[in-house]
Amino acid sequence: MKTGLVFEDLRKLIPHIVEALFAVIPSGVGGEGAIPKLTKDAEKRLLRDGAKWAVANGYGRAEDLEHTEEGGCLRGADAELISERALERGLKQVGTLGSGNHFLEIGRVDEIYTPQIANALGVFEGQVVVLIHSGSRGLGYQTCEDFLRVMNNAMTKYDIRLPDRQLAATPIRSAEGQDYLAAMAAAANYAWVNRQVIMSLAEKAFLKALDISPAALGFSLVYDVCHNIAKMEDHVVDGKKRRVCVHRKGATRAFPPHHPQIPSDYREIGQPILIPGDMARYSYLLVGAEAAMEQTFGSTCHGAGRVMSRAQSKKHSQAINIDREMERRGVVARYQGRATMAEEMPHAYKDVADVVETMDLAGVSKRVARLRPVGVVKG
Amino acid sequence: MAEPRRGFREIDHTADVGIEAEGATPAELFAAAAQGFYSLIADPAGVAAKEEISVAASASGWDELLQAWLSELLAEFNLRGFVGKDCAITRIEAARVHGTVKGEPLDLTRHRFHTEIKAVTYHELKVWQEGGAWRARVIFDV
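If you're wondering where the values come from, they're calculated on a predicted model, not measured in any experiment.

1. Details of the interface of chain A and chain B
- At the interface, 30 residues of chain A touch 31 residues of chain B.
- The contact between chain A and chain B buries some 2,600 Å² in all, and 50% of this surface belongs to carbon and sulfur atoms.
- Here chain A and chain B share five salt bridges between them.
- Salt-bridge contacts for R165 of chain A lead to D63 of chain B; the nearest nitrogen and oxygen are separated by 3.1 Å.
- Run the count over chain A and chain B and you get eleven residue pairs in polar contact (both at pLDDT 80 or more).
- Those elements that provide at least two residues to the side of chain A that touches chain B are α6 (84-90), α8 (137-157), α12 (310-318) and α14 (338-344) of chain A.
- For the side of chain A that touches chain B, the element with the most residues is α8 of chain A, which contributes six residues.
- Broken down by class, the residue content of the side of chain A that touches chain B amounts to six nonpolar, twelve polar and twelve charged.

2. Here we look at the pattern of salt bridges
Residues and elements named next belong to chain A.
- Taken as a whole, this structure holds 45 salt bridges over all chains when the rule is applied.
- The residue E70 makes a salt bridge to R253 at a minimum N-O spacing of 3.8 Å. Of this pair, E70 sits in the loop between α5 (62-66) and α6 while R253 sits in strand β6 (residues 252-253), and the two are 183 residues apart along the sequence.
- For R372, the salt bridge goes to D110, with nearest N and O atoms at 2.6 Å. With R372 in strand β11 (residues 365-378) and D110 in strand β2 (residues 103-112), this pair connects stretches of sequence that are 262 residues apart.

3. Examining the domain arrangement of chain A
Residues and elements named next belong to chain A.
- Each assigned domain of chain A is listed here: domain 1 (13-98 + 134-219) and domain 2 (110-124 + 225-379).
- Each of domain 1 and domain 2 was reduced to a C-alpha centroid, and the two centroids are 19 Å apart.
- Taken residue by residue, the interface counts 21 residues in domain 1 and 22 residues in domain 2.
- For the domain 1 and domain 2 pair, buried surface summed over both sides reaches about 1,800 Å², with 66% attributable to carbon and sulfur atoms.
- At the boundary of domain 1 and domain 2, one finds four salt bridges.

The rules behind the values
- Residues numbered from 1 in each chain as written.
- Chains lettered and ligands numbered in written order.
- Predicted model: local features only at pLDDT ≥ 70, side-chain atom pairs only at ≥ 80, totals over all residues.
- Heavy atoms only, no water.
- Contact = heavy atoms within 4.5 Å.
- Buried area = accessible area lost by both parts, 1.4 Å probe.
- Salt bridge = Lys/Arg side-chain N within 4 Å of Asp/Glu carboxyl O.
- Polar contact = N/O pair within 3.5 Å; in protein donor to acceptor, adjacent residues only side chain to side chain.
- Helix = DSSP H or I, 4+ residues; strand = E, 2+ residues; numbered from the N terminus.
- Nonpolar A, V, L, I, M, F, W, Y, C, P; charged D, E, K, R; others polar.
- Domains from an automatic or database assignment.

See below:
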């Protein structure tokens with residue numbers, strides 16, 4: 001999301017805004033109750049309709065859907081394939097961040113690489129922006145778990161052997177494969193609703209903390225892109241156009257300019273991509289480029305990647321005062337779990353600048369702007 | 001040879017967390033794994049044995065049974081926030097386990113929460129016997 005605000009005018013108010021965000025957006029373990037508990041019927045509708053359910057229920061605006069991958073709704077979602085247990089877990093978690101590497105970040109745009117594209121996206125130096133990283137929450141984890149069992153049986157049935165038991169596969173045209181795609185689509189729709197609601201709550205938190213009008217805040221969605229999803233897409237393979245299932249796990253879609261699935265206002269510049277780095281260094285705004293279609297099935301990186309395991313990072317964090325370290329780096333942080341913070345500190349991650357630069361040099365995605373975190377909410 | 005002891009330790013894994021557990025019998029192993037699992041979620045020191053839940057799981061083989069057992073505990077946590085302190089296995093065989101866990105719902109004002117576990121994975125999952133002890137390794141997706 002971008003705002004019409006400039007960081008320098010807001011510097012002193014960042015702690016106040018972070019506090020407001022932390023208060024309205026539940027995070028961490030068991031984070032729930034951001035919005036009234038759903039009925040099962042409402043939950044099934046949102047699994048089918050995706051982000052438009054959120055808009056219809058007062059969270060965000062219709063134009064947000066234009067700037068969401070797939071318009072915030074993957075077709076073919078079948079809520080009947082989501083287990084009772086998964087549905088139960090989903091009832092109270094809409095609008096919650098969760099734990100692990102999920103976060104909400106207030107950033108300031110501190111470097112522009114391609115002014116023309118930044119301009120087209122309405123992004124300028126010094127601007128206050130917001131990044132949300134969260135997904136389908138417990139409903140998605142449970143659906144994964146449920147389908148691992150289905151897949152395990154399918155692998156025996158179709159005689160598929162894989163090197164790791166946490167990996168699972170089934171022919172995409174099998175009944176199990178089709179069921180999985182329909183269930184995954186429902187979970188993806190839940191994720192879009194979740195982010196749409198978080199975004200709307202974040203806007204309210206900003207308005208309340210700053211006591212300004214929505215027009216003065218100028219909160220609007222630049223783009224919402226998935227980090228883990230499988231989709232049927234058209235790609236050229238061995239010189240022939242083919243319909244293939246592209247699974248972007250720890251990868252992000254990066255369609256170049258003029259791709260038909262890019263919103264019309266971004267058609268000339270390419271699809272925007274958000275790459276989170278770590279909590280203190282920086283995150284990036286990119287756009288998709290030509291080589292992505294030729295070399296990577298229209299995909300680029302997803303984040304920085306770890307250099308330290310969670311346990312190593314925790315050990316490393318014992319020697320530092322987490323709060324003081326974040327403060328020293330100019331970031332106001334609010335969090336539920338100290339252990340999660342210790343595992344997620346910047347020292348645990350690679351420098352994301354190297355990752356996005358590599359992608360830039362490969363022509364897969366192009367850097368537009370660098371965003372420096374100034375406030376973080378974590379689980 | 002050292003006496004097998006009932007217990008667990010956290011092990012290192014790049015993006016996830018794991019435990020290795022040990023016991024003299026499958027029952028002890030499964031109870032120790034449960035305790036290791038709970039210690040990843042929250043500091044067990046602050047958890048009180050206020051209520052008791054009964055948990056059962058079935059699967060084919062020890063590896064799968066351990067995964068199913070911990071997944072049931074995870075489901076209890078996910079649905080009701082239940083975190084355990086003491087665990088007793090009442091019946092166990094290679095395909096079925098039944099046990100009771102004493103604990104209480106997680107309360108962030110009193111408990112020291114550590115991390116949210118997304119799933120009990122099959123990655124490097126292993127239950128084995130060694131030197132008279134039952135051992136297991138489990139990696140959790142966090």
